[in-house]
2 protein chains.
Amino acid sequence: MSTSQNAIDRFSRYHRQLADAQPAHCAVRDVLDRIGDKWSMLMVMELATRSQRFSELHRAIPDISKRMLTQTLRDLERDGLVTRHVFSTRPPTVEYRLAALGQSLLEPMAALIDWADRRYPEIHAARVRFDDAPGDVPR
Amino acid sequence: MSTSQNAIDRFSRYHRQLADAQPAHCAVRDVLDRIGDKWSMLMVMELATRSQRFSELHRAIPDISKRMLTQTLRDLERDGLVTRHVFSTRPPTVEYRLAALGQSLLEPMAALIDWADRRYPEIHAARVRFDDAPGDVPR
DNA sequence: CTGTATCCTGCGTGATACTG
DNA sequence: CAGTATCACGCAGGATACAG
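Keep in mind it's a predicted model, so treat the numbers as computed, not measured.

Reading guide: rules and limits
- Residues numbered from 1 in each chain as written.
- Chains lettered and ligands numbered in written order.
- Predicted model: local features only at pLDDT ≥ 70, side-chain atom pairs only at ≥ 80, totals over all residues.
- Heavy atoms only, no water.
- Contact = heavy atoms within 4.5 Å.
- Buried area = accessible area lost by both parts, 1.4 Å probe.
- Salt bridge = Lys/Arg side-chain N within 4 Å of Asp/Glu carboxyl O.
- Near = heavy atom within 4 Å.
- Polar contact = N/O pair within 3.5 Å; in protein donor to acceptor, adjacent residues only side chain to side chain.
- Helix = DSSP H or I, 4+ residues; strand = E, 2+ residues; numbered from the N terminus.
- Least-squares fit on C-alpha atoms with pLDDT ≥ 70 in both.
- Buried < 20%, exposed > 50% of the residue type's maximum accessible area, 1.4 Å probe, protein only.
- Pairing = 2+ DSSP bridges.
- Axes fitted to C-alpha atoms, helices over the stretch in contact; angles between N-to-C directions.

1. Quick word on the interface of chain B and chain A
Listed per partner, the contact involves 65 residues of chain B and 64 residues of chain A. For the chain B and chain A pair, buried surface summed over both sides reaches about 6300 Å², with 64% attributable to carbon and sulfur atoms. Taken together, chain B and chain A are joined by 4 salt bridges. With a shortest N-O distance of 2.6 Å, Asp 79 of chain A and Arg 127 of chain B are connected by a salt bridge.

2. Focus: the protein's contact with DNA strand C
Around DNA strand C sit 20 residues in total, of which Ser 55, Lys 66, Arg 74, Arg 84 and Tyr 96 of chain A are the nearest. Counting only atoms of DNA strand C within 4 Å of the protein, the fraction found in sugar and phosphate groups is 64%. Within the contact set of DNA strand C, a phosphate oxygen lies 3.0 Å away from a side-chain nitrogen or oxygen of Arg 53 of chain A. Counting residues per element, the ones that place at least two in the surface near DNA strand C are helix H4 (54-60), helix H5 (66-78) and strand E3 (93-98) of chain A together with helix H5 (66-78) of chain B. With 4 residues, H5 of chain A is the largest single contributor of residues to the surface near DNA strand C.

3. Some details on the relation of the copies chain B and chain A
Expressed as a screw operation, the relation of chain B to chain A combines 0.0 Å of axial shift with a rotation of 180°, fitting to an RMSD of 0.1 Å. In symmetry terms, the pair is related by a two-fold rotation axis. Across chain B, the rotation axis passes nearest the C-alpha of Gly 36 of chain B, at a separation of 1.6 Å. A high fraction, 98%, of the interface residues of chain B reappear at the interface in chain A, so the copies pair face to face through one surface.

4. Looking at the protein's contact with DNA strand D
Contacts to DNA strand D come from 20 residues, most closely from Ser 55, Lys 66, Arg 74, Arg 84 and Tyr 96 of chain B. Within the contact set of DNA strand D, a phosphate oxygen lies 3.4 Å away from a side-chain nitrogen or oxygen of Lys 38 of chain A. Ser 55 of chain B is positioned with one of its side-chain polar atoms (N or O) 2.6 Å from a phosphate oxygen of DNA strand D. Secondary-structure elements contributing two or more residues to the surface near DNA strand D are H5 of chain A together with helix H4 (54-60), H5 and strand E3 (93-98) of chain B.

5. Topic: the pattern of salt bridges
What the rule picks out here adds up to 14 salt bridges over all chains. A salt bridge links Glu 122 of chain A to Arg 119 of chain A; the shortest N-O distance between them is 2.9 Å. Taken together, the positions of Glu 122 of chain A and Arg 119 of chain A, both in helix H6 (residues 100-132) and 3 residues apart, correspond to about one turn of that helix. Given the relative accessible area of 25%, Arg 119 of chain A is considered partly exposed. Ionic pairing is found between Asp 131 of chain A and Arg 78 of chain B, a salt bridge with its closest N-O pair at 2.4 Å. Here the residue Asp 131 of chain A occupies a position in helix H6, and Arg 78 of chain B occupies one in helix H5, the pair thus bridging two chains. For Arg 78 of chain B, a relative accessible area of 25% gives the class partly exposed. Put simply, Arg 34, Asp 37 and Asp 79 of chain A together with Arg 127 of chain B are held in one network by salt bridges that share partners.

6. A look at the sheet that holds E3 of chain B
All names here are of chain B. Ordered in space as E1-E3-E2, the 3 strands form an open sheet in which the pairing is antiparallel. The open sheet has two edge strands, strand E1 (52-53) and strand E2 (82-87), and neither has a second partner. By the bridge criterion, 6 bridges tie E2 to E3 in an arrangement that is antiparallel. Bridged to Val 86 within E3 is Val 94. Packed on one face of the sheet, H5 meets E2 and E3 and runs near 115° to E2.

Here it is in structure tokens:
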């Protein structure tokens, strides 16, 4: 729990700043926002398997629009998690690779995914229990 | 890297299902969505410090509306991450506690937050570099 | 093949007022 | 104190057409 404690403390400090109405830009919030967006982590995981081209990625993740594919890749590139390599062929070839920074994200991400996978039965059970609870709507 | 590999494999399987146009409900996607929402993780971290009442939480996280505070707590309760304890006083007292399931999320969350904190300088630098790059807008 | 440019919609969220 | 009920809105994200 000692490793969690640091994180918690950082959050507390951040919240205290907010309470004092200070702008308080928070690195964690920033990263959480990225984690949170619909496609970024999916993309990182996909590129963890191997470097891939634009259309390969599109095939790998079929339910993303080209618009979002482009935008997500651009954001990841901007943050230094992914690198973009253009080959001057006709038609053009563009390959996306996971940068070292992106690689380093894999470990903590995997920890979270393992948690999700292991705990999902419990979460699901809790949901069923909650939804079946008497006095469902009235509070 | 062996621990990441399992997670990656699970994602690949998930994507393959999607590619075959199967419904493919994914536990990971489910959990990522929760991580992604604006307040859930903030709340879990806050409750990790200590159990708190509704208004204490509101003071601790000043920039959340009562509406979202209620909703987030309800969702967390539904998922079994948080428990809700009502005391029949006047006026009513309600205390929210982190359930065991919620506690178990702390470790992987902390790993991610540590990553965010440690890597933020690199990310920030990458952004500056990207934004200052020549041929900024034209692609 | 690898994108961009528009247009459009829904949903997550905030603001405000009300209640037991 | 601990919520609910309503309204209102921005913007993330989808669909489609076009371009180098």
